Structure formats: structure tokens, C-alpha cells
Amino acid sequence: MIRVAVQTDAINVAAELDIHDAGGHGASAIFVGRVRGDDGLAELFLEHHPALTEAGLAELAHVAADRWSLSALTLVHRVGGMAPGETIVLVLASSAHRAEALAATEFLIDRLKTDVMLWKRETFADGRVAWVEPRDGDHGRAERWD
């Protein structure tokens, strides 16, 4: 079972885990990414291309499911405005054994930062606004999966 969602609503991690784990699995790996509040960040806004963003996430999910023996995969990404501490991305990967679930989760987080059409704009308490540029290590982490 592969589930992919792009949404503006808050991600309910507990509810997503209940849906994901309905079948029972030997191992599940979970990654919850949250908005950091560094340097007085007031809001993170994620712009996206509705069709291409969801398609990009779905493609990555299918690549992970094909590469590792996964029994379930959930990938939820939030878009729009978010405050520090709010969940921005959730990855749940399940398999018979932990190695596949852990690897798939790490792969998805590493690759979605470089492969999916999302643009981050930060607004700070002092009024500064800045677009987030890719970090030096993002492409290196993504390329190690090639």
C-alpha cells in the first residue's frame, strides 16, 4: 500500500500512523520533519506546483517501494504557511525487517529535497523575507542513492 498526499492542513501524525499500520508490519520507520524556529523565524511558506509536486512525491514513493521490500509506505508533505514546530513532512515505511524500512525512509527524505518541486520562503519576526537555497549537503546526500 502506497499513500502520498500533499496538503495545506496540519499533518496528524497519530492518525496517519493508525491508517498506515492497519495491516501490521514487522518493522516501521518514521520520519517527522518540523519547521525549525532558528533566527527568529515566524513563518515558513512552501510554494508548489500542485500536479508536479504530487507526481514527484508519488514517483519517489514508487522508486522506494520497488527498491526495498516494503509492505506499506506513507508520504505526506505539507504546503502553504507553517509556524515553527509544525510538521512539514511525514514518512512512514514498513517492511518485514527494519533495514528496508530505515533505508527507504532515509532515501525518501534525502531525495525529496532535490527531486520534488517545492520552494521555501522564510519570513522572520523582524520583517526579513528570504527564499531558502539548497544546502551544500542536500545534493550529496541525494546522489549517494544513485
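Residues numbered from 1 in each chain as written. Predicted model: local features only at pLDDT ≥ 70, side-chain atom pairs only at ≥ 80, totals over all residues. Heavy atoms only, no water.

Chemist: Would you explain the pattern of salt bridges in this entry?
Modeler: Pairs may arise between side chains of opposite charge once their charged atoms sit close together. This model, assessed by the stated rule, comprises 11 salt bridges. Between Glu106 and Arg141 there is a salt bridge, with its nearest N and O atoms 2.9 Å apart. You can see Glu106 sitting in helix α3 (residues 98-115) and its partner Arg141 sitting in helix α4 (residues 136-143), a full 35 residues away along the chain. Among the ionic pairs, Asp110 bridges to Arg144, the shortest N-O distance being 2.8 Å. (Salt bridge = Lys/Arg side-chain N within 4 Å of Asp/Glu carboxyl O. Helix = DSSP H or I, 4+ residues; strand = E, 2+ residues; numbered from the N terminus.)

Chemist: Sorry if this is basic, but what is going on with unusual backbone geometry here?
Modeler: The general pattern is negative phi for most residues beyond glycine and trans for most peptide bonds. The residue Asp39 is not glycine, and still its phi comes out positive at about 55°. Assignment of secondary structure puts Asp39 in the loop between β2 (27-34) and β3 (41-48).

Chemist: Explanation requested: the sheet that holds strand β6 (residues 87-95) in the structure shown.
Modeler: Read across the sheet, four strands follow the order β1-β4-β6-β2 without closing on themselves; strand pairing throughout is mixed. Only two strands of the sheet have a single neighbouring strand rather than two, namely β1 (2-7) and β2. Neighbour-to-neighbour, the strand axes of this sheet turn through a mean angle of 5°, independent of strand direction. Bridging between strand β4 (residues 70-78) and β6 involves seven bridges; their strand directions are antiparallel. Residue pairing for β6: Leu73 is matched across the bridge by Ala93. Its contacts with the sheet put helix α1 (residues 13-20) on β1, β2, β4 and β6, and the angle it makes with β6 is roughly 20°. Each of β1 and β4 touches helix α2 (residues 50-67); the most contacted strand, β1, lies at about 155° to it. (Pairing = 2+ DSSP bridges. Axes fitted to C-alpha atoms, helices over the stretch in contact; angles between N-to-C directions. Contact = heavy atoms within 4.5 Å.)

Chemist: Is there a simple way to think about the side chain of Arg111 in this case?
Modeler: Examined against the element boundaries, Arg111 turns out to sit in helix α3. Apart from residues no more than four positions distant in its own chain, Arg111 is found in contact with Leu60, Val116, Ala142, Trp145 and Asp146.

Remember that the coordinates give geometry; whether it matters functionally is a separate question.
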